[in-house]
Amino acid sequence: AQTVTQSQPEMSVQEAETVTLSCTYDTSESNYYLFWYKQPPSRQMILVIRQEAYKQQNATENRFSVNFQKAAKSFSLKISDSQLGDTAMYFCAFINNAGNMLTFGGGTRLMVKP
Amino acid sequence: GAVVSQHPSWVICKSGTSVKIECRSLDFQATTMFWYRQFPKQSLMLMATSNEGSKATYEQGVEKDKFLINHASLTLSTLTVTSAHPEDSSFYICSAPLSGRPDNEQFFGPGTRLTVL
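Notes on the structure follow. (Residues numbered from 1 in each chain as written. Chains lettered and ligands numbered in written order. Predicted model: local features only at pLDDT ≥ 70, side-chain atom pairs only at ≥ 80, totals over all residues. Heavy atoms only, no water.)

Within soluble globular proteins, side chains that are nonpolar tend to cluster in buried spots. Residues B:Val4, B:Trp35, B:Phe67, B:Ile69, B:Leu79, B:Tyr92 and B:Leu114 are the most contacted members of the largest nonpolar core, which totals 26 residues. Those elements that provide at least two residues to this core are strand E2 (10–13), strand E3 (19–25), strand E4 (32–38), strand E5 (44–51), strand E7 (67–73), strand E8 (76–81), strand E9 (90–97) and strand E11 (112–116) of chain B. Discounting residues that sit within four places of it in the chain, B:Val4 has contacts with B:Cys23, B:Arg24, B:Ser25, B:Phe28, B:Cys94, B:Ala96, B:Phe107, B:Phe108, B:Gly109 and B:Pro110. A:Tyr25, A:Phe68, A:Ile79 and A:Leu110 belong to the second largest nonpolar core, which has 25 residues in total. (Core = buried A, V, L, I, M, F, W, Y, C linked by side-chain atoms within 4.5 Å. Buried < 20%, exposed > 50% of the residue type's maximum accessible area, 1.4 Å probe, protein only. Helix = DSSP H or I, 4+ residues; strand = E, 2+ residues; numbered from the N terminus. Contact = heavy atoms within 4.5 Å.)

Structure follows, in structure tokens:
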């Protein structure tokens, strides 16, 4: 079974600064996908970024980028130029290549301060 | 992108009554849908996998007789909380994967807040 761990329950960052959210996972699979989801106060889950395990290049989406370390089973999210609208819960999630069931981490609550 | 809706968005009911929550994929077909439960400040916990044309698969510890799931069509799954009690109060979220995508990206509904008095 896969497990996903987010070791930072809460974090805060000043507006315009950079913050990194940590995520580690455990799996015996060789190919899989990793995701970061954002859940703002509205509670709608929004996909932020995805990474395929076979791709060595770290995924980037505008201000969001990941540091994917496959050997270490680490998948951190970096948010650059933080904005007030980035305030939300962030969930790291795993899905293997064969299935379609997501495994979520416990979440990190991010507060962006003005 | 694909859109998933849920109805109602918020429901308040008396203890002992049953509540039905609908999850619809609006612009794509979903043979599988997932139901999650989320307590305040916690992560999403998978309750069950809804399968069109067959029985739902429940996660360990989830009472199938209490949380009835029916996948009536390729665009609709319903979750019925039977004989609801205050401890069933929670936020319920459904999701559906978009078939044909290698990463099985899931699209989430906006959630339903259930309050049982």
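What follows covers the pattern of salt bridges. Residue and element names in this part refer to chain B. Taken as a whole, this structure holds five salt bridges over all chains when the rule is applied. Glu 22 is paired through a salt bridge with Arg 24; the nearest N and O atoms lie 3.5 Å apart. The partly exposed category is assigned to Glu 22, whose relative accessible area is 24%. Here Lys 66 makes a salt bridge to Asp 88, at a shortest N to O gap of 2.9 Å. Of the two residues, Lys 66 is situated in the loop between strand E6 (57–58) and E7 and Asp 88 in the loop between E8 and E9; the sequence distance between them amounts to 22 residues. The two residues Lys 66 and Asp 88 agree in class, both being buried. (Salt bridge = Lys/Arg side-chain N within 4 Å of Asp/Glu carboxyl O.)

Before going further, it helps to spend a moment on unusual backbone geometry. The residue after B:His7, namely B:Pro8, is reached through a cis peptide bond having omega 0°. Topologically, B:Pro8 is positioned in the loop between strand E1 (4–7) and E2. With a phi angle near 55°, A:Lys73 is a residue other than glycine that sits in the positive phi range. The phi dihedral of B:Ser83 is positive, around 45°, even though this residue is not glycine.

Before going further, it helps to spend a moment on the interface of chain A and chain B. In this assembly, 21 residues from chain A lie in contact with 24 residues from chain B. Summing both partners gives a buried area of about 1800 Å² for chain A against chain B, and 51% of it is carried by carbon and sulfur. At the surface where chain A touches chain B, the tally comes to one salt bridge. Secondary structure elements with two or more residues in the side of chain A that touches chain B: strand E5 (32–39), strand E6 (46–52) and strand E10 (88–96) of chain A. (Buried area = accessible area lost by both parts, 1.4 Å probe.)

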